[in-house]
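An overview of the molecular structure
Single-letter residue listing:
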Amino acid sequence: MILHDVFTLLIFPGCLFLLFLGLVFQFIDRKLHARLQNRKGPPWFQPLPDLLKLLGKEEIIPEGANPVMFQLMPIFAVTGVIASFFYIPLWNSQATYSFYGDVIVVIYLLTIPTFTFFLGGWYSSSLYSMIGAMRSQTQFFSYEVPLFMSVLASAMLADTWSLSEMTKWYSNHPFYWMFNLIGFFVAVVALLGKLEKVPFDTPDAETEIVAGTFTEYSGRLYAFFRVALDIELVVGAALIVAVFLPFGFDLGPFPGFFVWLAKITFVVAILTVARSIFARMRIDQMIEFCWIYLAPAAFCQILLSLVVKGALH
Amino acid sequence: MISEKIPTSVDKFKAISSDNISVQESDDPGDRIVTLNMGPSHPATHGVLRLVLSIDGEVITEVVPHIGYLHTGMEKLGEYMSYHQFIPITDRMDYLAPMLMNLGYILGVEKLLGITDEIPARAQWLRVLYSELMRISSHLIWLGTSAIDLGAMSPIFYALQDREQIMNIFEETCGARLTSTYFRIGGLREDIPDTVIPMIEKFLKDFAIRLDEYQNLVTGNPILINRLKGIGCLSKETALSYCCSGPVLRASGVNYDVRKARPYSGYEKFKFNIPVYQEGDSYARFLVRMDEMRESATIVRQAIDAIPAGPVKIDRTDIILPDKHRTQGNMEELINHFILSCRGFNAPVGEVFSTIESSKGEFGVYLVSTGGEKPYRLRVHSPSFLNLSVLPAISRGSLIADIVAIIGSLDIVLGEIDR
């Protein structure tokens, strides 16, 4: 039993599997981005050597930085995203672990990386990092509310606070997920903000504040942040897939797995296309966009869910 | 909104240790201002521009541009080189538009020699043709890099593809892609090969489609418009008082283009419009350059449709190297070839100032000659330098994200500023 848990946590579908998926989807993201830009793109194994090389590099801690916080934050970021993955149903409607109310926990755990970006940037004693940290925090307050509202709308329709219960409900009520399409788009846009991708990449806007939060990070610590972002891409996409695209759970392990991969790829592809075709928004424009367009759209989704639910019963 | 959270720091540049980070609420606005160093090695400073920003949160209260990191002493070099020898150096000034730099310098020397009117029509015509191709190439680089500044990574790859065609045309013409050194005092180095005209035709055909796409992407893109409209407003009066020129000036509502105001190299024979916008913001500067590319394409079209026949060099072998076959049968030409190669020609005493419209603005050369084969003084009037000087005036009060957009819209090249 303990061995099984250890296997689940560390290997499948835990850390190792998730790291592998993170690298695979980093490759898909980079390759698609390159092809959209008329470039050739990296070979399929490129993310792994990139990671290994970064892990082998010297890590420099700035003189004025708080060494404890500076070194802890990347680890916290990775831990947060990995922990949230266990509560998300993947290719069958039961997550690895689940309990009533895990929707809140998953969303809470997914905010941890953003906080680590903030704290890591704040304690690295560089102005670029601090501006990046402030921006990531400012941005966080804008996209988090629409994201939570859109997930909440879907949960309301299923009348449960557990992700596994939600997917079960949607499996038993096929095509009800189509009522959540507004929420799906809201969540994808919010995920762009969460992953700090163009057009919401103000926190690490390369041409403005060099690398934002990550300016002072190097070597292994930076590698951990990169891994956290890669895994967050998969976990965020998995959350969206579980909440908004809940179909194909009864296909059995292998077909189900590939259907799930296809759905994740679809979400990642939307993110990649967005980051290829858009320019960066200014931080104030980002906030304005999120509160004027995104939050009302999520609110409409909640209303729609309520109406559908009322009609249902 | 964010400004209060940025910690105050007396020791502005030094690292702020975690112990003394504290949010001090102060009524004195000067207390909240921190200094941020941007560059010289920074992704958005187009080479080696260094900006020292005083920021209050994200709001910029003061900008001080520092230049000189690419100083090569080109003006001084000019005093130690013969007139012909200096042409390759001009390539390195605005390295995104080397032919225009060549032309600006060469027209100055020709004016000094008094042979401006004797340049063969074909040479002048080809100079216009290549200048306009160069202008398109320079603006394409601007389009890509300023889009990168705004966070859009994709356009540069498409812009570089178009530029690649122009580079291939240059390579076919004179063998060099970037530092062409194709124009010579008294004409061109050699006539164009026959293969070039079909290449230009093909480029014009492709570019017309691509330019429409670029235009749609700019004017139909709400994110880009939001980032550019109303940012870095430069009034007509400020633009004139800072001696701005080129697209920056024309975006502020001043209809001034050297090609129309003081036509050189036969520009008066071409029909083209000068795009002028009244707003003076970054968006207007964006549109001016987009329109300019269109106009340049029409000039190139007119130029290749009616290239006059004739020689491409002035018939003065004491000024320009004669063709090789002539030196082998004629003693005088051989002597001229020898003298030109090892010493250069003697210029008359005098001083001239001559300007052209480069892709960045009004590029001028001031030459003082006391006789002899080298100028006494060579001074370059650099449009990028003057356009950059307006940056502190127009970026005060804007956000950090805006200053990057403003620098992108000013389109500076540090090689020409530091010359």
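These numbers were taken from a predicted model, which means no experiment stands behind them.

Analysis parameters
- Residues numbered from 1 in each chain as written.
- Chains lettered and ligands numbered in written order.
- Predicted model: local features only at pLDDT ≥ 70, side-chain atom pairs only at ≥ 80, totals over all residues.
- Heavy atoms only, no water.
- Helix = DSSP H or I, 4+ residues; strand = E, 2+ residues; numbered from the N terminus.
- Buried < 20%, exposed > 50% of the residue type's maximum accessible area, 1.4 Å probe, protein only.
- Contact = heavy atoms within 4.5 Å.
- Areas by Shrake-Rupley, 256 points an atom, 1.4 Å probe, with all protein chains shown as cover.
- Lys, Arg positive; Asp, Glu negative; His and termini not counted.
- Charge placed at Lys NZ, Arg CZ, Asp CG, Glu CD.
- Core = buried A, V, L, I, M, F, W, Y, C linked by side-chain atoms within 4.5 Å.
- Buried area = accessible area lost by both parts, 1.4 Å probe.
- Salt bridge = Lys/Arg side-chain N within 4 Å of Asp/Glu carboxyl O.
- Polar contact = N/O pair within 3.5 Å; in protein donor to acceptor, adjacent residues only side chain to side chain.
- pLDDT = per-residue confidence, 0-100.
- Pairing = 2+ DSSP bridges.

Turning next to the overall build of chain B. Across its full length, chain B holds 17 helices and eight strands. A principal-axis box enclosing the C-alpha atoms of chain B has dimensions of 85 × 45 × 35 Å. When each of the 419 residues of chain B is scored for burial, the buried share is 59%. Partitioning the contacts of chain B with sequence separation of at least 6, the portion at a separation of at least 24 is 69%. Here chain B displays about 16300 Å² of accessible surface, and carbon together with sulfur accounts for 55% of that area. Averaging the positions of the 42 positive and the 52 negative side-chain charges in chain B gives two centres separated by 3 Å.

Take the nonpolar core next. By size, the foremost hydrophobic cluster in this structure holds 176 residues, and its most contacted members are Trp 260 of chain A together with Tyr 130 of chain B. The element that contributes the greatest number of residues to this core is helix 10 (residues 219-244) of chain A, accounting for 18 residues. Residues within four places of Trp 260 of chain A in sequence aside, it is in contact with Leu 21, Phe 85, Leu 90, Trp 91, Ala 238 and Val 241 of chain A. With 34 residues, the next largest nonpolar core counts Val 63, Leu 234, Ile 406 and Ile 417 of chain B among its residues.

Contacts between the two partners involve 33 residues from chain A and, on the opposite side, 41 residues from chain B. When chain A packs against chain B, the two sides together hide about 3300 Å² of surface, and 64% of this comes from carbon and sulfur. Contact with chain B buries area across many residues of chain A, yet Leu 127, Thr 207 and Arg 282 of chain A alone supply 19% of it, more than any other trio. As a salt-bridge pair, Arg 135 of chain A and Glu 58 of chain B come within 2.5 Å of each other at their nearest N and O atoms. Counting the contacts that link chain A with chain B gives ten residue pairs in polar contact (both at pLDDT 80 or more). Of all the secondary-structure elements, those providing two or more residues to the side of chain A that touches chain B are helix 6 (127-158), helix 9 (206-209) and helix 12 (283-312) of chain A.

In this section: the confidence of the model for chain B. Residue and element names in this part refer to chain B. The predicted model of chain B averages 84 in pLDDT, with 92% of residues at 70 or higher. Counting contacts from residues 1-24, a segment whose pLDDT is below 50, to residues more than four positions away or on other chains yields 44 contacts. As scored by the predictor, the complex reaches a pTM of 0.86 and an ipTM of 0.83.

To continue, consider the pairing of strand 3 (residues 59-66) of chain B. Note that strand 2 (residues 50-56) of chain B and strand 3 of chain B share seven bridges and pair antiparallel. Across the sheet, Asp 56 of chain B pairs through a bridge with Val 59 of chain B, a residue of strand 3 of chain B.

The residue after Val 198 of chain A, namely Pro 199 of chain A, is reached through a cis peptide bond having omega 10°. Within the element layout of this structure, Pro 199 of chain A appears in the loop between helix 8 (181-194) and helix 9. Unusually for a residue other than glycine, Asp 159 of chain A sits at a positive phi of about 60°. Along the chain, Asp 159 of chain A turns up in the loop between helix 6 and helix 7 (163-172). Phi at Ser 265 of chain B takes a positive value of approximately 50°, unusual for a residue other than glycine. Mapped onto the fold, Ser 265 of chain B is located in the loop between helix 10 (258-261) and helix 11 (282-305).

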